[in-house]
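Overview (structure and organization)
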Amino acid sequence: MVLMANNDVRRRVFEREFLPELDALYGFAYHLTFDETAAEDLVQDTIERAIKAIDQYRQGTNAKAWLFKIMRNHFINGYRKKARRPNMVDYEDVAAVIPDTETQNIPSLMDWDDESLESMVGDELSAAMNRLSDDFRTVIILSDLQDFKYEEIAEILGVPIGTVRSRLFRARNLLAKDLKDYAESNGFTNNRTKNS
């Protein structure tokens, strides 16, 4: 492994190889967290970790895969920490949403404007993706949205390449099954099953 000699080299590597991947990192972070603020925080944490470990990065290799692996590992470690902690609830937050029976009624809490309702419902594909398990959703994102090769996905996830292929096959089949009625109602047909 060739270590970087000085800060100028580190800065150039950061600017040339890491910065162009910020949009892809954010997209992956959002699919992991489903929250814009949490995704931004995850990207920032990933970049901080990458900068600290930049001497371990080999110039000219796949920076995107290296950064995604850092992000995934950081996300999993954070998830495990949260899972070990008991859930904390702020009394003021709960009190703000519980209706006072003398002054409010429950239907008034359900008066949403159309924009709020649209943001909750989302489109069919997003809903189908969200119904997938984390393992399946992750391989779909890395393969079909981020264009990683199987070998790269296996390295990012720390699993054998056969596991990647299996998860991707199963995830795509689950999506196809989940979206079948939606596709048919919009005029899409599966010609492969007709010709069999």
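Residues numbered from 1 in each chain as written. Predicted model: local features only at pLDDT ≥ 70, side-chain atom pairs only at ≥ 80, totals over all residues. Heavy atoms only, no water.

Points about the pattern of salt bridges
In plain terms, the rule: Any carboxyl oxygen of Asp or Glu that lies within 4 Å of a side-chain nitrogen of Lys or Arg is treated as forming a salt bridge with it. Here a strand is any run of E in DSSP of at least two residues, a helix any run of H or I of at least four, and the numbering for each starts at the N terminus. Relative accessibility thresholds used throughout: buried, under 20% of the residue-type maximum; exposed, over 50%; partly exposed, between the two (1.4 Å probe, protein chains only).
Following the criterion strictly, the structure yields 7 salt bridges and no others. A salt bridge links Arg 11 to Glu 15; the shortest N-O distance between them is 3.5 Å. Residue Arg 11 and its partner Glu 15 are both found in helix H1 (residues 7–18); the two are separated by 4 residues, about one turn of the helix. Here Arg 11 falls in the partly exposed class, since its relative accessible area comes to 41%. Its salt-bridge partner being Arg 131, residue Asp 178 comes within 2.8 Å of it at the nearest N-O pair. With a gap of 47 residues between them, Asp 178 in helix H11 (residues 161–178) and Arg 131 in helix H8 (residues 124–131) connect regions that are remote in the sequence. The class for Arg 131 is exposed, based on a relative accessible area of 52%. Among the charged side chains, a salt-bridge network with shared partners connects Asp 8, Arg 11 and Glu 15.

Concerning the packing of aromatic side chains
Where two aromatic rings form a pair, the distance of their centres and the angle of their planes describe that pair. Counted only if it meets this: The pairing test for Phe, Tyr and Trp rings, Trp by its six-membered ring, is centres within 6.5 Å, and the orientation test on the planes gives stacked under 30 degrees, edge-to-face over 60, and tilted for anything in between.
Considering all chains together, one arrives at 8 aromatic pairs under this definition. Between the aromatic rings of Phe 28 and Phe 68, the centroid separation amounts to 4.8 Å while the plane-to-plane angle is 10 degrees, which identifies the pairing as stacked. With a gap of 40 residues between them, Phe 28 in helix H2 (residues 22–33) and Phe 68 in helix H4 (residues 63–84) connect regions that are remote in the sequence. Each of the two residues, Phe 28 as well as Phe 68, counts as buried. When the ring of Tyr 57 is compared with that of Trp 66, the centres are 5.1 Å apart and the planes differ by 50 degrees; the resulting orientation is tilted. One exposure class covers both Tyr 57 and Trp 66, and it is buried. Joined through ring pairs, the aromatic side chains of Phe 14, Phe 18, Tyr 57 and Trp 66 make up one cluster.

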